[in-house]
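So you can see what is in the structure, the chains are spelled out below.
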Amino acid sequence: MLVRLYLRTTLAAARSTLGLPSLAAAGGAGPASGLLARQFADQPEPTSQAEAALIDGEAAEGGGDAVEVAESADEGGVAGIPPEELELYSKRQQAYLGVDPDKYKHFLPKLSRAELGSYADEEFQEEFEEEFDYYPKIPENKPLYNLRDAVPELWQPKCAILDKIKELKAVHPEMTADEVLEGLGLQEGDNSTPPRPGAQPILRWETRLVMAVGVDEPHPANRKARLRVYLRDLQREAGLSEAALQYIAHICGPRYNPRTGELLLTSEKYSLREDNRRHIMEMLVGLVEEGSRAYPRQQQAEQQQQRQGQCEATPWLLPARTKALPYTGVKTGGDLLALRAKPFGGYSQTISIFFFNRAYVEMTQNYVYSLVRFAGVRNYVAATWSSEDYAACLALNLPCWDVRSFLPGGKAGSQELLFGQRAFHDMGWTRTAVAAHLVKQGYAVHLSDVDISYSPKPLWDSYLRFLQDGGADVAGAAEGWGINTGNYVVIPSPAGKAFMRAWAEARTRHADTTEQWGLDELHRDTHGASHATCVGIHQCRAVAKEIEGKGNKGRTALIRMYPIPHTLYHPHGCWMAEPGAVEAMPIDPCHFTMAYLHPICQTGAVNKTATMRATGFWFMGDDCSPASSAAQQGTPSLARCRPLAWSQPQAEDHFWRCREHPLAFTYVSPDRVSANKAVAR
């Protein structure tokens with residue numbers, strides 16, 4: 001087009017009526033010559049003037065102005081100009097029209113403005129106006145930077161996808177661009193949808209796109225990818241703890257700018273930019289995971305603690321000898337106690353002990369489940385006094401401690417122990433000896449029978465608060481001159497240690513009776529010097545002052561007693577053993593006096609289990625079949641019960657609604673509880 005326009009204007013200038021012959025250039029004075037100069041410079045050198053004319057362009061079209069470009073050089077013309085008209089052009093104009101390759105190898109001769117000519121030519125003006133009519137008319141007062149709506153459809157390229165977009169947009173004008181593209185299948189989905197409610201985009205990517213000319217391979221600068229993110233934003237979105245955030249900053253080193261709080265990650269490891277972006281995301285995810293592992297956030301710690309609690313509440317459902325439990329494989333009593341003991345309430349070592357008997361496997365599972373899930377006790381240890389019981393205890397994945405060294409004579413069986421049997425008496429005195437040993441070692445000890453089921457109240461909090469308020473050394477349920485030894489706590493105070501030592505030594509004098517009745521005998525033997533009892537706070541303070549007045553402080557233990565929990569419903573402790581008594585008077589597990597249910601005055605696992613079922617304190621399902629792989633693993637075939645709530649979630653609803661009284665033994669008004677929660681929030 002440029003060359004054709006150039007020829008037309010040249011011939012028009014030759015026939016111009018101006019005083020001097022002029023040569024009209026297509027692009028004006030300066031630009032046209034520069035463009036043509038670059039054109040001639042890029043073309044191979046012609047061998048003749050005719051070939052040079054062919055390179056310049058084609059002949060003009062229409063009317064009598066049409067001129068053949070490829071005239072023979074023998075005719076004497078230059079670029080299609082007859083010889084008789086050459087005198088109208090200067091030598092430089094002739095050289096411009098017909099370049100001599102020998103004389104002008106690289107550049108065209110420079111023309112003056114007068115020689116270049118002008119668009120002010122009548123013939124050119126006529127052709128320009130004729131061609132101008134073919135272009136669309138621009139409406140008045142239309143911004144020139146947005147002419148898409150003004151240009152007719154005829155002048156826009158046809159596109160089937162564009163037509164579909166317009167049709168869909170006309171039918172649904174409320175749809176966004178992303179929704180339109182998604183409706184046409186051009187977009188898989190809304191990538192801007194946050195992965196979770198409230199999530200914010202925090203990653204800022206930097207990439208480079210270099211469009212190299214004449215090169216098929218991608219430019220090497222295109223492979224590099226960079227990511228910027230503020231660590232505070234990362235902490236908010238990933239839920240990192242403050243310690244985890246500092247740990248990540250330390251790992252990143254100079255990649256983290258402490259002045260701006262920004263982390264910069266760069267990668268050009270791979271040849272493709274998207275692979276490097278993926279590599280950066282892998283690094284970022286790895287940093288978050290490492291920070292969370294080293295310094296878990298509170299929620300993660302609570303979830304981990306909850307999962308651990310579920311394992312410790314039902315360890316018998318895990319594979320035998322599983323490594324998921326930290327105490328697996330620990331057989332030495334001292335190592336096991338050191339591992340399981342936890343600091344609590346100002347005491348560096350607290351431990352909960354119960355005695356395991358193979359004949360009470362299902363009842364033991366109900367005991368452990370309620371102890372962990374409802375009483376919140378995880379620092380428990382199962383003591384055994386026979387090799388058979390020890391093997392069965394290990395098969396159930398319990399933390400087992402062999403205490404045969406504390407037995408009188410060092411030998412016992414694994415049969416069911418019933419009240420009145422000599423083996424039952426030996427078991428009771430063995431428990432006392434174990435508790436005395438632990439208190440002497442500095443442990444605060446909670447000792448319990450397994451025919452107990454706990455209510456949803458924190459056991460250690462309740463006992464230690466009860467002891468602290470009364471200034472006591474021992475706490476347990478009142479029965480006779482002492483306590484019911486089925487559930488009590490003793491602290492390692494000087495008086496507590498002296499009391500437990502005297503109680504354990506009383507076995508030599510009263511081996512024919514139980515350790516609980518032996519406690520009454522101890523009180524008579526020492527004329528009350530071994531221990532004193534109290535119930536209310538004011539009574540306990542008065543008794544403590546009396547002990548101090550006698551000079552027995554640190555030698556006489558103060559035992560604070562609470563009523564046997566279920567006596568709230570009947571003054572007689574054995575009323576649950578009467579037929580139909582439990583059904584006639586349902587027990588409320590939420591009452592502050594109901595720390596646990598202990599069906600005393602009943603013998604045998606069957607009777608006690610029936611009472612727990614009737615009162616709603618039995619949490620095991622009916623399916624207690626032995627593990628199928630027990631025989632192959634060389635472990636005893638024992639019943640393994642699944643919690644009833646796993647198949648019937650509503651089975652524990654009556655326990656989880658207990659929120660008014662957070663402690664057992666001590667009454668706390670609901671108003672005070674609500675006020676404390678409000679202050680905590």
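Details of the structure are given in the entry above.
Scoring rules and cut-offs
- Residues numbered from 1 in each chain as written.
- Predicted model: local features only at pLDDT ≥ 70, side-chain atom pairs only at ≥ 80, totals over all residues.
- Heavy atoms only, no water.
- Helix = DSSP H or I, 4+ residues; strand = E, 2+ residues; numbered from the N terminus.
- Expected span 1.5 Å × (residues − 1).
- Buried < 20%, exposed > 50% of the residue type's maximum accessible area, 1.4 Å probe, protein only.
- Arc of directions from axis to C-beta.
- Right-handed = clockwise from strand over helix to strand, strands pointing away.
- Contact = heavy atoms within 4.5 Å.
- Polar contact = N/O pair within 3.5 Å; in protein donor to acceptor, adjacent residues only side chain to side chain.
- Core = buried A, V, L, I, M, F, W, Y, C linked by side-chain atoms within 4.5 Å.
- Axes fitted to C-alpha atoms, helices over the stretch in contact; angles between N-to-C directions.
- Parallel < 35°, antiparallel > 145°, perpendicular 65-115°, else oblique.
- Left-handed = near helix turned anticlockwise from the far one by under 90°.
- Salt bridge = Lys/Arg side-chain N within 4 Å of Asp/Glu carboxyl O.
- Disulfide = S-S within 2.5 Å.

Peer 1: What is the right way to read helix α20 (residues 537–549) from this model?
Peer 2: Helical geometry: 3.6 residues make up each α-helical turn, so side chains three or four residues apart lie on a common side. If you check α20, its first and last C-alpha atoms are 18 Å apart, about what 13 residues at 1.5 Å a residue would give, namely 18 Å. Of the positions making up α20, those classed as buried are Cys-540, Val-543 and Ile-547. Looking straight down α20, one finds that the buried residues subtend no more than 65 degrees of arc, so they occupy a single side. Away from the buried face of α20 by more than 90 degrees, exposed residues His-538, Arg-541, Lys-545 and Gly-549 are located. Phi for Gly-551, located one or two positions after α20, is positive at around 80 degrees.

Peer 1: Can you walk me through the pairing of strand β7 (residues 380–384) in this structure?
Peer 2: Each regular strand shows side chains that alternate between the opposite faces of the sheet. When you tally the buried positions in β7, you get five out of five residues, the bulk of the element. Where burial is concerned, the two faces of β7 agree: the one with Tyr-380, Ala-382 and Thr-384 and the one with Val-381 and Ala-383 are both buried. Chirality of the crossover, the property in question, places the unit of strand β6 (residues 347–355), helix α14 (residues 361–373) and β7 among those that are right-handed. The parallel pair β7 and strand β8 (residues 400–402) is bridged by helix α15 (residues 387–395), and the resulting crossover is right-handed.

Peer 1: When you look at the environment of Arg-340 in this model, what are you seeing that I'm missing?
Peer 2: Structurally, Arg-340 is set in helix α13 (residues 333–340). Along the backbone, Arg-340 and Thr-350 are 10 residues apart, and their C-alpha atoms lie at a distance of 8.7 Å. Contact partners of Arg-340, with chain neighbours within four places excluded, come to Glu-312, Tyr-327, Ile-351, Arg-378, Asn-379, Tyr-380, Val-381 and Pro-399. Of the polar contacts made by the side chain of Arg-340, one reaches the backbone oxygen of Arg-378; its length is 2.5 Å.

Peer 1: Can you help me understand the nonpolar core in this one?
Peer 2: Nonpolar side chains in soluble globular proteins tend to end up buried together. In this structure, Ile-353 and Trp-401 are the most contacted members of the largest nonpolar core, which totals 108 residues. Ala-225, Val-229, Cys-252 and Leu-263 belong to the second-largest nonpolar core, a separate cluster that totals 18 residues.

Peer 1: Could you clarify how one ought to interpret the side chain of Ser-267 in this entry?
Peer 2: With respect to the helices and strands, the residue Ser-267 is situated in strand β4 (residues 262–267). A distance of 2.8 Å separates polar atoms of two side chains, one belonging to Ser-267 and the other to His-279. Apart from residues lying up to four places away in sequence, Ser-267 is in contact with Arg-223, Lys-224, Ala-225, Asn-276, His-279 and Ile-280.

Peer 1: What am I meant to see in the packing of helix α10 (residues 242–252) against helix α11 (residues 273–294) here?
Peer 2: Packed helix pairs are characterised by how far apart their axes lie and by the angle those axes make with each other. Two elements in contact, α10 and α11, have axes separated by 8 Å at closest approach and are oriented at 130 degrees. Comparing their axes, α11 and α10 come out oblique. Crossing handedness for the pair α10 and α11: right-handed. Contacts between α10 and α11 involve Ala-244, Tyr-247, Ile-248, Ile-251 and Cys-252 on the former and, on the latter, Leu-287, Val-288, Glu-290, Gly-291, Ser-292, Arg-293 and Ala-294.

Peer 1: Explain the pattern of salt bridges here, please?
Peer 2: Any two side chains of opposite charge can pair, so long as their charged atoms come close to each other. Using the criterion set out here, one finds 21 salt bridges in the structure. Between Arg-236 and Glu-237 there is a salt bridge, with its nearest N and O atoms 3.4 Å apart. On the accessibility criterion, Arg-236 (47% relative accessible area) is partly exposed. Since its relative accessible area comes to 17%, Glu-237 is described here as buried.

Peer 1: How should I be thinking about helix α17 (residues 459–470) in this particular structure?
Peer 2: Given a rise of 1.5 Å per residue, 12 residues ought to cover 16 Å, and the 17 Å separating the end C-alpha atoms of α17 matches this to within 8%. Regarding α17, the residues found buried are Leu-459, Trp-460, Ser-462, Tyr-463, Leu-464, Phe-466, Leu-467 and Gly-470.

Peer 1: For this particular structure, what's the right way to read the state of the cysteines?
Peer 2: As used in these notes, a disulfide is a covalent bond between sulfur atoms, one from each of two cysteines. Counted according to the given criterion, the structure contains three disulfides. Linked covalently through their sulfurs, Cys-534 and Cys-540 form a disulfide whose S-S length is 2.0 Å. Taking the sign of the torsion about the S-S bond as the criterion, the disulfide between Cys-534 and Cys-540, at about 90 degrees, is right-handed. For Cys-540, a relative accessible area of 0% translates into the label buried. Between the sulfur atoms of Cys-624 and its disulfide partner Cys-641 the distance amounts to 2.0 Å. Here the S-S torsion is close to 115 degrees, and the disulfide linking Cys-624 with Cys-641 is therefore right-handed. Of the two residues, Cys-624 sits in the loop between α22 (605–615) and α23 (653–656) while Cys-641 sits in the loop between α22 and α23, which places them 17 residues apart along the sequence. Cys-641 matches Cys-624 in its accessibility class, with the two residues each being buried.

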